[in-house]
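Structural description and commentary
So you can see what is in the structure, the chains are spelled out below.
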Number of protein chains: 2
Amino acid sequence: MNNENTNQYENLYILINQTWLGINSVVRKALKNAGLTHINPAYIGILLCLWREYGLEESLAKLGTVDGMKIIDLGRCAGLEPSSMTGLIDRMERAGLVKREDDIHDRRVCRICLTQKGLSIRSDVIKIVYNVMQNSFSEVDKKSYDNFIRVLYTILDKTSKKRE
Amino acid sequence: MNNENTNQYENLYILINQTWLGINSVVRKALKNAGLTHINPAYIGILLCLWREYGLEESLAKLGTVDGMKIIDLGRCAGLEPSSMTGLIDRMERAGLVKREDDIHDRRVCRICLTQKGLSIRSDVIKIVYNVMQNSFSEVDKKSYDNFIRVLYTILDKTSKKRE
DNA sequence: TCAGTATATTACTTATACGTATTATTGTCA
DNA sequence: TGACAATAATACGTATAAGTAATATACTGA
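What you see as residue numbers is a count from 1 along each chain, following the sequence as written. All chains are assigned letters beginning with A, and all ligands numbers beginning with 1, in the order in which they are written. pLDDT decides what is reported in this predicted model: residues at 70 or higher carry local features, side-chain atom pairs at 80 or more are listed and counted, and totals for whole chains, interfaces and linings draw on all residues regardless. Side-chain metrics rest on all non-hydrogen atoms present in the structure, leaving aside hydrogens and water.

1. Re the environment of Lys117 of chain A
Residue and element names in this part refer to chain A. Labels follow the DSSP assignment, with helices taken as runs of H or I lasting at least four residues and strands as runs of E lasting at least two, numbered in each case from the N terminus. With respect to the helices and strands, Lys117 occurs in helix H5 (residues 116-120). Separated by 19 residues in the primary sequence, Lys117 and Val98 have C-alpha atoms spaced 8.2 Å apart. Those residues in contact with Lys117, other than ones at most four positions away along the chain, are His38, Ala95, Gly96 and Leu97. Contact between two residues is taken to exist if any of their heavy atoms lie within 4.5 Å; hydrogens are not considered.

In structure tokens, the structure reads:
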């Protein structure tokens, strides 16, 4: 490695870190300002996975009709290790957003299901995240935005937890 | 907000989170594999700030000639709140990388100085971060890369902790 | 069938980061 | 000068995330 040619990759690492901290900080404050004090940023990834199961309509009637998801699959979906999930699901359960239910077919498995509360905050939470992200990207044109997403997926693939 | 026009901003939030977790995970493992078990990812941002003070040469002789930095400025540099800094500096001090010294002119201030150990690991750590980032971006062309950096700075400016 | 392997989750420890409150200084201005 | 605001760092509690080890269950092949 020569000093003139490093492209400051080490600074890029910090830049990504700072950017993520900044966005997350704004989301945290937006949730608080909206009065959603029991919703933490880390819940959002999990909730999005679960909400997807319920399709587009916000029908509370569907609550009983959906099987829920395994903790390990939720973790994969949110990019988290299994060991990170236990505490997260604990907190979400304590906040009344989800509940653990037994899996009939596999007694090792918890099925994580939304509660009525977890389903009903859906549009509020998505609106908040939407507003934060829209504001963050308000000065980024469509082409740069699309490119940005593509690069994120490329990096995600390279650093995916699948490989060691 | 209408459903067809959200551009999946909520998913972007999760995508950025996952990407950051992925990169950080790879850096953590790379540090471990290199035998730098006492270096944690969070140290890197702080070390980069301090190393910058010492110019390009890695001269240990400069150790006594530099004033060190205030904790609050290091925090600004790394994008961290003051309250996040105390513990981080504690751990870095325990790892023998930095030390707190009194400020002659202002008794409220700690000056954080590199130790010999903190200075000597410089090229190893930068090399590791460089390798991880280069691999992460290996399939991203120059133009996309430059655009990516620009977008990060734009977002960082929008979400900067300066504003409330 | 049963021994060994794989899978799902949890328990425990540590690191990371923030918010709030507190303490100790420094700076300001009436 | 002396009250009051501003600044720097810390203490404490909580959330977030990982690694390692343990436990329980399921699967698989001889």
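Here the narrative resumes, following the displayed structure.
2. A closer look at the relation of the copies chain B and chain A
C-alpha atoms of residues with pLDDT of at least 70 in both copies form the basis for the least-squares superposition of the copies. Relative to chain A, chain B is turned by 180° and slid 0.0 Å along the rotation axis, the superposed coordinates differing by an RMSD of 0.0 Å. In short, the pair behaves as if placed about a two-fold rotation axis. Minimal C-alpha distance to the rotation axis in chain B is attained by Phe148 of chain B, lying at 2.7 Å. Most of the interface of chain B is mirrored in chain A, where 100% of its interface residues again form contacts.

3. Some points on the protein's contact with DNA strand C
Working definition: residue near molecule or strand if any one of its non-hydrogen atoms lies within 4 Å of it. Around DNA strand C, the structure places 29 residues, and the nearest of them are Lys32 and Lys70 of chain A together with Asn40, Ser84 and Arg91 of chain B. The sugar-phosphate share of atoms of DNA strand C within 4 Å of the protein amounts to 72%. In this structure, a phosphate oxygen belonging to DNA strand C sits 3.0 Å away from a main-chain N or O atom of Cys110 of chain A. Between DNA strand C and the protein, one listed contact pairs a phosphate oxygen with a backbone N or O atom of Arg107 of chain B at 3.1 Å. Elements supplying a minimum of two residues to the surface near DNA strand C: helix H1 (9-33), helix H3 (71-78) and helix H4 (82-94) of chain A together with helix H2 (41-53) and helix H4 (82-94) of chain B. By the convention adopted, Pro, Cys, Tyr, Trp, Phe, Met, Ile, Leu, Val and Ala count as nonpolar, Lys, Arg, Asp and Glu as charged, and the other residues, Gly among them, as polar. Residues belonging to the surface near DNA strand C are distributed by class as follows: 11 nonpolar, six polar and 12 charged. Identification of polar contacts relies on pairs of N or O atoms within 3.5 Å, with a donor-acceptor requirement for protein atoms, meaning one able to donate a hydrogen and the other able to accept it, and with residues adjacent in sequence counted only if both atoms are side-chain atoms.

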